[in-house]
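Residues per chain, in single letters:
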Amino acid sequence: MFIAELGFGFYWILTQAHRWHVLRFYPLKQNLSHTHSCEDKLPGVDVFVCTADPKLEPPCLVINTILSVMSLNYPTEKLSVYLSDDGGSPLTFYALLEASSFSKLWIPFCKKFNVEPRSPDAYFTQHSDLPHSAINNAQEQEWLFIKKQYEDMKKRIEQVSNKGSVPEEIKKQHKGFSEWNSNVTKQNHQPIVQFIIDGRDKNAVDSVGCRLPTLVYISREKRPDSPHHFKAGAMNALIRVSSEISNGAIILNLDCDMYANNADSIKEALCFFMDQTRGHQIAYVQHPQKYNNITKNDLYGNSSPVLNRIELAGVGSFGTALYCGTGCFHRRASLCGSKYSEEFKGSWNSETKKNDQRTIDELEEASKVVASCDYEKGTQWGKEMGLIYGCPVEDIVTGLTIQCRGWKSVYHNPDNIAFVGVAPPTLDIALVQFTRWSDGMFQIFLSKYCPFIYGHNKIKLGGQMGYSVYLLWAPSSLPHLFYAIALPLSLLHGIPLFPEVSSRWFLPFAYVFLSRNIYSVAEALICGSTLKAWWNLQRMWVIRRTTSFFFAFVDCIVRQLGLSQTTFTVTAKVVTEDVSKRYHQEIMDFGSTSIMFTVIATLAMLNLFSLLGALVKMVFWGLEYMDLEKLMSQISICGLLFMVNIPVYEALFFRKDKGSIPASVMFKSIVLASLACLMPLK
């Protein structure tokens, strides 16, 4: 217990760095227009969207993100959009072709009516009826026409996706389909680079005659005998391919489910990069991850308002905002390995889009070379250039290395949310995601990139501490897991762990417990959360720390011993209708035999057995069994754990739907908890 308390105390000290000096930024984009009134002076912007599996990440989801960024309020000749398809799927390529045709209608529609969000699916879902802005019949007809065109396109894409192959008559419409043959598989294919829209072509215009942004499909080469480094490898291939085609000075990277919600998000980000005082110091501007499917009381604690409004902003106040892998604007030079220097001040004109006279075929061939497996051999890619390889959370370690090269980063959380994604709608997906994150972050802490070592004299102490709060998620599971087991067992056997209530030594424990939780509740309510959402988040932290973080700790130690290798899991973005229904009803979903659910159920049963056992002994043995005053603290905490686990008990004993805990998991949990209760402690 003493070691566990030391762990809690050390971790609490680290968390204080989040609250020392919280900063919030307010970009004045109208000043950007005054300072850089000529659009030629604005830097080129390359947008990277990454997808990996058309089954887990449906093509309709992907193209909504693509359409949303193509229609942002930014000069289209300065905007290029790249889709990286690590699944190498002709279904995704077909969906992108459909999206390029629809963009000729969608982009002018968005700019004419100032549509937000810029994802057609999100927009028509939020505005299922004709908006009040349609003040005449012509506008009404246009709105209905665009909606019908989108629904028709969506239907065509879904039909092809469900069929699993692209019809031959469609393949004849674009030369890109010739890249796919019987030898092409997801893990074994040549590099594929195809222009969908050439933004240099003056004839590539939308329905009102305005130029369209460049749109490119990329599927980097993959071979069974060559490591592909997961998302980091895909991002590095995008950096190289885009440098051949557009070479935008600013790079925005998004996950395929993270659509643009704020039409002016690029201009707001440029306010930081083009600030005359400190803009040349900025390597990247990170936006928080926000979601469009959060339930009223945030069942799985995905939205984390305190994390987004206070903690990440607090880390960013030291110039060390975390790079979170999506919703991030990068300075290309910093991402390519350049160290910070004063020479970057006012250097945008030299970094703008290339005036390249090569043909599309020539650009595609040149891009295929840099997207091949052999290109990186013997280079610094994945080491000093691009995203860092060898870590499941390539984004965090890449951000840290950039900051240690002298750059600063900004965390920007605007009132008008810039990008919106999809939160995990099941407990299983949410826990798998946290396992991967905490595993990768602990791996960073144990490597040469440990902030206290690698960042020494390079980033501020507050930044080092802020990083470590997340990098130590995995080992923080050990004291929590110890308490989750020791508290109920000691109560069952009548062993007091805390001072009795009448003792003055009880006051420090009571003060810490009450002050911490009162402060936490107040902080959550101030940040816009509800009391029930705060309670749900406490439940999720208990579950994460005793499952995801613990398994991540074990996996990381095993990997450090050389007994396993790094893996990457793509989380599903779609679920069945009954799962979605339970999620929106805020009913927790336990419908699998995951080992994590076995741990959750076992700890819940252990707590229940201990409370019931203690109650039975009190009734039949009275004070011969225990001195109630000495055990009051344990009874109270075990009572709170019982309340936290109420959804688990419901899933074990009362629910009959598909989201209940399977009988096999219930049986194992009862056996394990019973064995623990029978184990002698004296």
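None of the values given here were measured: they were computed from a predicted structure. Each chain has its residues counted from 1, following the order in which its sequence is written. A pLDDT threshold of at least 70 governs which residues receive local features in this predicted model, and a stricter bar of 80 or more applies before side-chain atom pairs are shown or counted, although totals over entire chains, interfaces and linings include all residues. Excluding hydrogens and water, the side-chain values take into account all heavy atoms of the structure.

Enquirer: I'd like a rundown of the UniProt feature "binding site: Mn(2+)" (unreviewed entry) in the protein chain, residues and numbers included.
Expert: UniProt positions are given in the numbering used here, feature names are shortened, and annotations may be inferred rather than shown by experiment. According to UniProt, the positions carrying the feature "binding site: Mn(2+)" (unreviewed entry) are K231 and D255. These annotated residues cover 25 residues of sequence, and their C-alpha atoms all fall within 10.2 Å of one another, placing them together at a single site. Looking at where K231 falls in the secondary structure, it is placed in helix 8 (residues 230–245). Its place among the elements puts D255 in strand 5 (residues 250–255). Comment: elements are numbered from the N terminus, with helices defined as DSSP H or I runs of at least four residues and strands as E runs of at least two.

Enquirer: Just give me the short version of unusual backbone geometry, but keep the residues and values in it.
Expert: Going from E116 to P117, the amide bond is cis rather than trans, its omega being -5 degrees. Here P117 lies in the loop between helix 4 (90–113) and helix 5 (120–126). Within the chain, S304 stands out as a residue other than glycine whose phi angle is a positive 45 degrees. Secondary-structure assignment places S304 in the loop between strand 8 (290–291) and helix 10 (305–316). Think of it in three bands: with a 1.4 Å probe and only protein chains considered, a residue is buried below 20% of the maximum accessible area for its type, exposed above 50%, and partly exposed in between. Judged by its relative accessible area of 13%, S304 is buried. Positioned with a positive phi, N457 is a non-glycine residue whose angle comes to about 65 degrees.

Enquirer: Got a sec to walk through the UniProt feature "transmembrane region" (unreviewed entry) in the protein chain? Specific residues and values, please.
Expert: In the numbering adopted here, UniProt assigns the feature "transmembrane region" (unreviewed entry) to residues 590–611 and 631–649. Helix makes up 77% of residues 590–611 and strand 0%, and the two end C-alpha atoms of the span are 24 Å apart. Taken end to end, residues 631–649 is 95% helix and 0% strand, and its first and last C-alpha atoms sit 24 Å apart.

Enquirer: Which residues make up the pattern of salt bridges, and what are the values?
Expert: Opposite charge on two side chains makes pairing possible when the charged atoms of those side chains draw close. One side-chain nitrogen of Lys or Arg within 4 Å of one carboxyl oxygen of Asp or Glu is enough to make a salt bridge. If you walk through the whole model with that rule in mind, you get 26 salt bridges. Two residues, K186 and D53, come together in a salt bridge whose shortest N-O distance is 3.3 Å. Taken together, the positions of K186 in the loop between helix 7 (168–171) and strand 3 (192–197) and D53 in the loop between strand 1 (45–51) and helix 3 (59–70) put the pair 133 residues apart, joining distant regions of the chain. Note on K186: relative accessible area 35%, which makes it partly exposed. The exposure class of D53 is buried, given its relative accessible area of 17%. K368 is the salt-bridge partner of E365, the closest N and O atoms lying 3.5 Å from each other. Of this pair, E365 and K368 both sit in helix 12 (residues 360–370), three residues apart, roughly one helical turn. One network of salt bridges, in which partners are shared, links R19, E311 and E523.

Enquirer: Give a detailed account of the state of the cysteines, specifying residues and quantitative values.
Expert: Disulfide: a pair of cysteine sulfur atoms within 2.5 Å of each other. Counted by the stated rule, this structure contains zero disulfides. Among the cysteines around C677, which has no disulfide bond, C638 carries the closest sulfur, lying 11 Å off.

Enquirer: Any chance you could break down helix 9 (residues 265–273) for me, citing the residues and the numbers?
Expert: Counting buried positions along helix 9 gives eight out of nine residues, so the element sits mostly inside the fold. Listed as buried for helix 9 are S265, I266, E268, A269, L270, C271, F272 and F273.

Enquirer: Outline helix 8, listing residues and values.
Expert: Owing to its 3.6 residues per turn, the α-helix aligns residues three or four sequence positions apart on the same side. Each residue after the first adds 1.5 Å to the expected span of a helix. Here helix 8 contains 16 residues, and its C-alpha end-to-end distance of 23 Å stays within 8% of the 22 Å for a straight helix at 1.5 Å per residue. N247 occupies a position one or two residues after helix 8 and carries a positive phi of about 55 degrees.

Enquirer: Before we move on, could you go through the pairing of strand 5 and cite the residues and values that matter?
Expert: Burial within strand 5 is extensive, with five of its six residues counted as buried. When strand 1 meets strand 5, the two strands line up parallel, connected through six bridges. Pairing of V47 across the sheet is with L252, part of strand 5. DSSP bridges decide pairing: two strands pair if at least two such bridges lie between them. Of the pairings in the sheet, the one linking strand 5 to strand 9 (residues 328–331) comprises four bridges and is antiparallel in character. Residue pairing for strand 9: N253 is matched across the bridge by C328.

Enquirer: Help me get a handle on the sheet that holds strand 8, residues and values and all.
Expert: Across a sheet, strands are paired by hydrogen bonds formed along the backbone, either parallel or antiparallel in direction. Strand order in the open sheet made by the three strands is 6-11-8, with mixed pairing throughout. The open sheet has two free edges, formed respectively by strand 6 (259–260) and strand 8, since each of these has just one partner strand. Relative to strand 11 (residues 419–421), strand 8 runs parallel, the two sharing two bridges. Each residue of the ladder has a partner; that of Y291, found in strand 11, is G421.

Enquirer: Can you tell me about the nonpolar core, naming the residues and giving the values?
Expert: Note on soluble globular proteins: their nonpolar side chains tend to be buried together. Nonpolar core, defined: a set of buried Ala, Val, Leu, Ile, Met, Phe, Trp, Tyr and Cys residues in which side-chain atoms within 4.5 Å join the residues together. Of all hydrophobic cores here, the largest spans 69 residues; its most connected members are V47, I66, W106, L270 and F329. Among the elements that make up this core, the one with the highest residue count is helix 4 (twelve residues). Not counting residues within four places of it along the chain, the set of residues in contact with W106 comprises L67, S71, V115, R118, S119, P120, Y123, F124 and I146. The contact criterion used is simple: two residues touch if any of their non-hydrogen atoms lie within 4.5 Å.

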